[in-house]
Amino acid sequence: MKNLENEITLKGDKVIEQIPSITDKALRINLNDNIYGTFAEIGAGQETVRHFFRAGGSSGTIAKAMSAYDKDFSDAIYGVEDDGRYVTESRLRKMLNHEVELIEQRLSRDKHPSKMFFSYANTVATIDFAKQFKGHGWVGIKYQIEPDEAYNEIFIHIRFKETDAKLQQETLGKLGVNLIYGAFYKYNDPKRLLRYLYDHIEKDQLEIDTINFSGPRFADVDNRLMSLQLVKNGMTDAVMFDPTGKNILPAAVLYKKNILALRGSFRPVTKVNMDMYEKSLQMFVDENKVKKENTLVIFEITLSNLSSDGEIDERDFMDRAELLCSLGQTVMISNFQEYFKVVEYFSNYTKARMGLALGVNNLIDVFDEKYYRHLSGGILEAFGKLFYRDLKVFLYPMEDEFGNIVNSQNLKVHPRMKELYKFFAYNGKVIDITDFERENLKIFSRKVLKLISENKPGWEEMLPKGIAELIKKDHLFGFDSNKKLETEKIE
């Protein structure tokens, strides 16, 4: 069919991606004869399903729309949570599972052989009357792409940034439509699906800090890589995942915890990193205000550590994540270049004592004024935020060019910072790690990486037990066993 409208294009025009409106997205789904399901929304009105009702043709899409606001009603339908809370991932999962079971029970496959069933749900707390707690929530969809196929799931956790309940409700409604539309029409490209969640939503309206994909259509999706996209796209400042590779909600794992954080490139993780971790952890749990059973250790990688020529090296990131997870560690990817921002972030969730394990060079950088010129209070403002909290720095020594050990007693900061450094050191904020392996001080990640890339021997013994075998088996960091064999033949 010939297009009757003659569209004019001019020299120099740029190609602009056409983003369908929220109404267009809802209408496209409504007009699909096979997409059919339910909406269950708790805590912020029935904001998502409202768009589908208003778009027209909704009778072919909406089997049921409900909102069990009363807690007793909600418990009677979905069951009681162990912790008694309602805005949780567990609650969202129960809602989706329950609603999908009802669809399968009540709608005969014989009568609806081509239907792709779905259930959309959210459980949300909007801003309180005092406007101190802005609110957060869990949003998800469980759905099919083929009638006889197993269900896929997408779960996201959001934090509201707006300070008006009505605005938060409207934003949630748009997000819901974007999620449903993306689930059906962008499932083949999860990275784009993620970006499209913000269609017609600004970043200062909403934060997405956790996402997990599962199901047959997402069998090849690594959720750790999806976490990285959240930070990379500016959707959140930090994400976390556990040793199994599952993305976890920072607020849930950090809440009221004693936190020990280690920042590094971990490219790859070496014996130095693990010695620093083990020794600092022992010193940390020996502190009076720290309980071992309440302590969480976090290996943190900043986004700048993942950049190569301004681009994020995703393969390199996955290699590092693979090794840290294999060692049973919880990993955080952040957009925080300065240490005080990390501490400030943790302080949103805990008032308990925190610890930072640093190398000498890292601590010297902390006292470099150039990192704080953007702050109105300069380095004093940063240090107020860093050391005002109940924080201790556990300092791992280094060996200088003459073979001398450099620690908190003899490290050299800029002369202008000398007295400031003394103030914190003498007040017990900086503690030396004295029980260390001296031979580890000669190990550097960049040296290990160079040996691996050049297929030269000697790097294996610089790494923790089992790490070298993993690098060789999975060909991490560019390790090429074939190239090594060819080199040996030539020699």
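Use the structure listed above.
Definitions and limits used
- Residues numbered from 1 in each chain as written.
- Predicted model: local features only at pLDDT ≥ 70, side-chain atom pairs only at ≥ 80, totals over all residues.
- Heavy atoms only, no water.
- Pairing = 2+ DSSP bridges.
- Helix = DSSP H or I, 4+ residues; strand = E, 2+ residues; numbered from the N terminus.
- Contact = heavy atoms within 4.5 Å.
- Axes fitted to C-alpha atoms, helices over the stretch in contact; angles between N-to-C directions.
- Polar contact = N/O pair within 3.5 Å; in protein donor to acceptor, adjacent residues only side chain to side chain.
- Buried < 20%, exposed > 50% of the residue type's maximum accessible area, 1.4 Å probe, protein only.
- Core = buried A, V, L, I, M, F, W, Y, C linked by side-chain atoms within 4.5 Å.
- Phe/Tyr/Trp six-rings, centres within 6.5 Å; stacked < 30°, edge-to-face > 60°.

## Some remarks on the sheet that holds strand 7 (residues 238-241)
Spatially, the eight strands line up as an open sheet ordered 8-7-13-10-9-14-15-18, and their pairing is mixed. Whereas interior strands pair on both sides, the edge strands pair on one side only; in this sheet they are strand 8 (247-248) and strand 18 (430-432). Across three bridges, strand 15 (residues 391-396) lies against strand 18 in parallel orientation. Note on strand 18: the bridge partner recorded for Leu395 is Asp432. Against the sheet, helix 7 (residues 223-232) contacts strand 7, strand 8 and strand 13 (330-334), and its axis sits at roughly 170 degrees relative to strand 7. Seen against the sheet, helix 9 (residues 271-285) touches strand 9 (258-263), strand 10 (295-302), strand 14 (354-359), strand 15 and strand 18 and runs at an angle of roughly 160 degrees to strand 9.

## With respect to the side chain of Ser280
Relative to the helices and strands, Ser280 resides in helix 9. Within polar-contact distance, the side chain of Ser280 engages the backbone oxygen of Tyr277 at 3.2 Å. In this view, Ser280 contacts Leu260, Ala357, Phe394 and Ile433; residues no more than four positions away in its chain are not counted.

## Here's the deal with helix 2 (residues 47-55)
Every α-helix winds through 3.6 residues per turn, so residues three or four apart in the chain are directed the same way. When we look at burial in helix 2, the residues that qualify are Glu47, Thr48, Val49, His51, Phe52 and Ala55. Among the structural elements, helix 1 (22-31), strand 1 (35-42), strand 2 (62-66), strand 3 (116-125) and helix 5 (165-185) are those in contact with the buried residues of helix 2. After helix 2 finishes, the residue Gly56 shows a positive phi value of roughly 95 degrees.

## Some words on the sheet that holds strand 3
On the basis of which strands lie adjacent, the open sheet formed by six strands has the order 2-1-3-4-5-6 and mixed pairing. The open sheet is flanked by strand 2 and strand 6 (206-214), the only strands paired with a single partner. In this sheet, neighbouring strand axes are inclined to one another by 10 degrees on average, regardless of whether the strands run parallel or antiparallel. When strand 3 meets strand 4 (residues 136-143), the two strands line up antiparallel, connected through eight bridges. Within strand 4, the residue paired with Asn122 across the bridge is Val139.

## Side note on the pairing of strand 4
Most of strand 4 sits out of view: eight of its eight residues are buried. Residues His136, Trp138, Gly140 and Lys142 of strand 4 are buried on one face, and the alternating residues Gly137, Val139, Ile141 and Tyr143, pointing to the opposite face, are buried as well.

## Observations regarding the nonpolar core
Counting residues in each nonpolar core, the largest one holds 95 residues, and the members touching the most others are Ile154, Leu175, Ile333 and Ile471. With residues up to four places along the chain from it excluded, the contact list for Ile154 reads Val139, Gly140, Ile141, Tyr143, Leu179, Ala183, Leu193, Ile211, Asn212, Phe213 and Phe218. One finds Leu254, Val342, Phe424 and Ala425 within the second-largest nonpolar core, a separate group that totals 57 residues.

## Section: the packing of aromatic side chains
Taken as a whole, this structure holds 23 aromatic pairs when the rule is applied. For the ring pair Phe284 and Phe394, a centre distance of 6.0 Å and an interplane angle of 80 degrees mean the geometry is edge-to-face. With Phe284 in helix 9 and Phe394 in strand 15, this pair connects stretches of sequence that are 110 residues apart. We note that Phe284, like Phe394, is buried.

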